[in-house]
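# Descriptive analysis of the structure
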Amino acid sequence: MEITYASPSSGDLTYSASTSSGSYIMPTRPVKIIPLQHPDTTSYGSSGGVCSSSFWSNSLFSGWRGKIKRMTFIDWIEMFLPCSRWIRAYRWREYFQVDLMAGTTVGIMLVPQAMSYAKLAGLEPIYGLYSGFVPIFIYVIFGSSRQLAIGPVALVSLLVSNVLSGIADSADALYTELAILLALMVGILECIMGLLRLGWLIRFISHSVISGFTTASAIVIALSQAKYFLGYEIDRSSEIVPIIKSIISGADEFSWPPFVMGSIILAILLTMKHLGKSRKHLRFLRVMGPLTAVVLGTTFVKIYDPSSITLVGDIPQGLPSFSIPKSFQYAKSLIPTTLLITGVAILESVGIAKALAAKNGYELDSNQELFGLGVANIFGSFFSAYPTTGSFSRSAVNHESGAKTGLSGIVTGIIMGCALLFLTPLFEYIPQCALAAIVISAVIGLVDYEEAIFLWHVDKKDFLLWTITSTTTLFLGIEIGVLIGVGVSLAFVIHESANPHIAVLGRLPGTTVYRNVQQYPEAYTYNGIVIVRIDAPIYFANISYIKDRLREYEVVVDKLTRRGPKVERIYFVILEMAPVTYIDSSAVQALKDLHHEYKSRDIQIAISNPNREVLLTLSKSGAVELIGKEWYFVRVHDAVQVCLQHVQSIKEAPKASDPSSEGKPSFFQRLLKQRWEDLSVSELESGNNKPSDSKQSDPQLEPLLFRKS
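Criteria and thresholds
- Residues numbered from 1 in each chain as written.
- Predicted model: local features only at pLDDT ≥ 70, side-chain atom pairs only at ≥ 80, totals over all residues.
- Heavy atoms only, no water.
- Helix = DSSP H or I, 4+ residues; strand = E, 2+ residues; numbered from the N terminus.
- Buried < 20%, exposed > 50% of the residue type's maximum accessible area, 1.4 Å probe, protein only.
- Contact = heavy atoms within 4.5 Å.
- Areas by Shrake-Rupley, 256 points an atom, 1.4 Å probe, with all protein chains shown as cover.
- Polar contact = N/O pair within 3.5 Å; in protein donor to acceptor, adjacent residues only side chain to side chain.
- Pairing = 2+ DSSP bridges.
- Axes fitted to C-alpha atoms, helices over the stretch in contact; angles between N-to-C directions.
- Parallel < 35°, antiparallel > 145°, perpendicular 65-115°, else oblique.
- Left-handed = near helix turned anticlockwise from the far one by under 90°.
- Nonpolar A, V, L, I, M, F, W, Y, C, P; charged D, E, K, R; others polar.
- Salt bridge = Lys/Arg side-chain N within 4 Å of Asp/Glu carboxyl O.
- Phe/Tyr/Trp six-rings, centres within 6.5 Å; stacked < 30°, edge-to-face > 60°.
- Lys NZ or Arg CZ within 6 Å of the ring centre and 35° of its normal.
- Core = buried A, V, L, I, M, F, W, Y, C linked by side-chain atoms within 4.5 Å.
- Expected span 1.5 Å × (residues − 1).
- Patch = residues over 30% accessible without salt bridge, like charges linked within 9 Å, V, L, I, M, F, W, Y side chains within 5 Å.

### Some details on the overall build of the protein
Along the backbone of the protein there are 28 helices and twelve strands. A burial count over the protein gives 51% of its 709 residues as buried. Considering only residue pairs separated by 6 or more positions, the protein has 80% of its internal contacts joining residues 24 or more positions apart. When the accessible surface of the protein is split by element, carbon and sulfur atoms take 61% of a total near 33400 Å².

### A word on the environment of aspartate 584
As for its placement among the helices and strands, aspartate 584 is situated in the loop between strand 10 (572-576) and helix 23 (585-600). For the pair aspartate 584 and phenylalanine 540, spaced 44 residues apart in the sequence, the C-alpha separation amounts to 7.1 Å. If we skip the residues at most four places from it in the chain, aspartate 584 touches Ile538, Tyr539 and Phe540. Of note is the side chain of aspartate 584, whose polar atom sits 3.0 Å from the backbone nitrogen of phenylalanine 540.

### As for the pairing of strand 5 (residues 502-507)
Burial analysis of strand 5 places six of its six residues in the buried class, which makes it a mostly covered element. Burial along strand 5 is two-sided: the face carrying Ile502, Val504 and Gly506 and the face carrying Ala503, Leu505 and Arg507 are both buried. Across three bridges, the pairing between strand 5 and strand 8 (residues 529-534) is antiparallel. Bridge pairing links alanine 503 to arginine 533 in strand 8. Counting the residues that bridge the hairpin from strand 5 to strand 6 (residues 514-516) gives six residues, and of these glycine 510 lies at a positive phi of roughly 80 degrees.

### Comments concerning the packing of helix 12 (residues 256-278) against helix 18 (residues 432-443)
Here helix 12 crosses helix 18 at 40 degrees, and the two axes come no closer than 9 Å. Between helix 12 and helix 18, the crossing angle belongs to the class labelled oblique. When you trace helix 12 past helix 18, the crossing you get is right-handed. Seen from helix 12, the contacting residues are Pro258, Met261, Gly262, Ile265, Leu266, Leu269, Leu270 and Lys273; seen from helix 18, they are Cys433, Ala434, Ala437, Ile438, Ile440, Ser441 and Ala442. Taken together, the residues of the contact of helix 12 with helix 18 sort by class into twelve nonpolar, two polar and one charged.

### Considerations on the sheet that holds strand 5
Sheets are built from strands that pair by backbone hydrogen bonding, the pairs being arranged parallel or antiparallel. Taken in spatial order, the six strands line up as 6-5-8-10-11-12 in an open sheet, and their pairing is mixed. Two strands bound the open sheet, and with one partner strand each, they are strand 6 and strand 12 (632-633). Two elements, strand 11 (residues 604-608) and strand 12, share two bridges in a ladder whose sense is parallel. Within strand 12, the residue paired with serine 608 across the bridge is phenylalanine 633. The sheet strands contacting helix 22 (residues 543-555) are strand 5, strand 8 and strand 10, and the helix crosses strand 5 at an angle near 40 degrees.

### Here's the deal with the pattern of salt bridges
Applying the stated criterion across every chain, the model contains 13 salt bridges. Across the pair glutamate 400 and arginine 286 runs a salt bridge whose closest N-O atoms are separated by 3.3 Å. Taken together, the residues glutamate 400 in helix 16 (residues 392-400) and arginine 286 in helix 13 (residues 283-304) connect sequence positions 114 residues apart. A relative accessible area of 35% places glutamate 400 in the partly exposed class. For arginine 286, a relative accessible area of 14% gives the class buried. We note a salt bridge from arginine 635 to aspartate 638, for which the minimum N-O separation is 2.8 Å. Relative accessible area serves as the criterion here: at 0%, aspartate 638 is assigned to the buried category. In the salt-bridge network here, residues are joined through shared partners; they are Asp548, Arg551, Glu597 and Arg601.

### Let's talk about the environment of glycine 289
In this fold, glycine 289 is placed in helix 13. Residue class for glycine 289 comes out buried when judged on its relative accessible area of 3%. Sequence-wise, glycine 289 and isoleucine 108 are 181 residues apart; in three dimensions their C-alpha atoms are separated by 9.7 Å. In contact with glycine 289, other than residues within four places in its own chain, are Leu269 and Met272.

### A look at the packing of aromatic side chains
In total, this model carries 17 aromatic pairs according to the counting rule given. Look at tyrosine 127 and tyrosine 130: their rings are 5.8 Å apart centre to centre, the planes differ by 90 degrees, and that puts the pair in the edge-to-face class. Remark: tyrosine 130 and tyrosine 127 occur in helix 5 (residues 125-131); sequence separation between them is three residues, near one turn of the helix. Counting every residue linked through ring pairs, the aromatic cluster contains Trp86, Tyr90, Trp92, Tyr95 and Phe96. Seen from the ring of tyrosine 429, lysine 302 lies directly overhead, with NZ or CZ sitting 3.8 Å from the centre.

### Some thoughts on unusual backbone geometry
Keep in mind that most residues, glycine aside, have a negative phi and that most peptide bonds are trans. With a phi angle near 50 degrees, aspartate 305 is a residue other than glycine that sits in the positive phi range. Within the secondary structure layout, aspartate 305 lies in the loop between helix 13 and helix 14 (331-360).

### Examining the pairing of strand 8
Within strand 8, six of the six residues are buried, which leaves the element mostly enclosed by the surrounding structure. Burial along strand 8 is two-sided: Ile529, Ile531 and Arg533 facing one way and Val530, Val532 and Ile534 facing the other are all buried. Where strand 8 lies against strand 10, five bridges are found, and the strand directions are parallel. Across the sheet, isoleucine 531 pairs through a bridge with isoleucine 574, a residue of strand 10.

### Observations regarding the nonpolar core
Membership of the largest hydrophobic core comes to 100 residues, with the highest contact counts inside it found for Met115, Leu129, Val160, Leu164, Leu334, Tyr386 and Phe427. When sequence neighbours within four positions are dropped, the list of residues in contact with leucine 334 reads Val163, Leu164, Ile167, Leu178, Leu181, Leu182 and Met185. Listed in part, the 56 residues of the second largest apolar core include Ile543, Tyr553, Ile570 and Met577.

### Let's talk about helix 21 (residues 478-498)
An α-helix turns once every 3.6 residues. As a result, residues three or four positions apart point the same way. Its 21 residues place the ends of helix 21 30 Å apart at the C-alpha level, agreeing with the 30 Å of an ideal helix rising 1.5 Å per residue. Buried within helix 21 we find Ile478, Gly481, Val482, Gly485, Val486, Val488, Ser489 and Ala498. Buried positions along helix 21 lie against helix 7 (154-164), helix 9 (207-224), helix 14, helix 20 (460-476) and helix 22.

### Some words on a nonpolar patch on the surface
Taken together, Ile68, Phe73, Ile74, Trp76, Ile77, Met79, Phe80, Leu81 and Ile141 make up a surface patch of nonpolar side chains, about 800 Å² in accessible area. At six residues, the largest contribution of residues to the nonpolar patch is made by helix 2 (residues 73-80). Locating phenylalanine 73 in the fold gives a position in helix 2. Exposure remark for phenylalanine 73: the relative accessible area of 65% places this residue in the exposed category.

Remember, this is a structural readout, not a statement about activity or role.
Take a look at the structure:
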């Protein structure tokens, strides 16, 4: 709907429609604009705090209430037991064979990896097997991803080793008890965050931080396994300098046999991994790599029995027994690592789970996924498991093997159970260097140098963040590295929020579209008018910056791209507020102050296209009445029409003010009035007030001011 809007000449401005001397000034021309609907503040609790609070409570919880009312009995079951979704729709003939093959493949891969990662965590290999057994079955029930393979992972194992080595010796029983307690704490925290839907908090950690952190951690993990290759002990640390110093200082104890065996096994693993990735018909080689390493190492030891190569040793046979975690007096010192492992779980597990869900055509709730991981860790801690989470490599293998449902996880768990029941006597002869080679081959893929190259070409700021995080993690330790990376990442977020993007808009020729003049050089502006778009919510942290930029735009004017009636200064500032999703009380007060400041210099603010919530806030605060309802518009073009009409009046006012003219207008003034009303739009846009032949005007140019009908 359009209405005719005869823009009034405001008495607050220095230009008025008439003068005391009675001289004649040309009348304003009616223009057609779309009326802006102002909200009724009385229905939103403006008269009392009770109504206002009830409004906010309704807006926050109405969605949840409606969702709960619509939920059926089956929906409740699916919410608490996500496995029921795929169980009800399971197609045995189509899914069973691929699930069986995928689960078997991941199980064969997990058995040697679990023992390797347990050694990385400073634990006996049996605890890696325990961690790959019970949590898998629990996750199948409560987890919502159908392809995610959970269990021990390298990064979490390094975090466990890093924190526990400062509390107890890895040979002590306390060390194992604390690792199991850590699994319980991680599970509780994940469940709480999942139930309270707090997974969004991790969004503040940039992908650059995660990439830099994992790259540095992978290097530290690989160096920490060097002792099994070199044949002598090195210091356990999460910093690269102490590890390198320890390697150099113990060089005189170097032993050739484990180094040669480990290097050969590592070369075989990397070759199989490369062939499995690059050639589809050899994909099975990637899966068989860890098992091949174990078989080759064990066979060599059985045949030659070298005394210089250390073996895994005796591994208890049988399934884990139920036990309650102990040593709760150390729980306080484990809180930082609990937070860090939970963050890794959200970023790694939930991230890959969502990606796999998208590839397989089903929806996944990240908070439900976090809850499922938490329950798996809690139950795992009662069966001697240390913290587990989703694995990138095993999940990728599970997906590539064709897994359709969580049944593949059940198959993997059965294989782990069989290994615990029947195969542990064979594991006694596995060389330590073979397990170390498995770890190194797995973490080499985490060194994300390609991401660094990509960031360097795309965004130097993110590259700096990646560099800071990886460097500090390498030289200052994991916890400090993550804290510094997250701190710098948040600093960048705060800086961007406090210094939002603000653009001066111009009109694209032949249209009523207004765009950034920096992005569209052909866009032109109008004399006496500045159109500014604020591309962010306005609140206390950025309002000062916004005010400073507005003052700059008032002074710095690019007259080369300006059209319309020629005036010497700015009379109107139009704020395009379509991108502004929120405005707080501090910003409203600053807007009022800016209005008074502009008013003292005869400048009028006009606001274009505020959303309902912003307009409601402005109405409640009195800013709408202060600025004037007539200065709020639906479109930028509407605001420009009205403001340009005022600018035209300002330009004509001095010409019309003649002291010798009294009474009614003269013949020449009436003629001037008639010629002004018949001006074509092209003259008004160009600033040429002389009438021209209509043939010279651009027929494709849309009129700025509508003619009177």
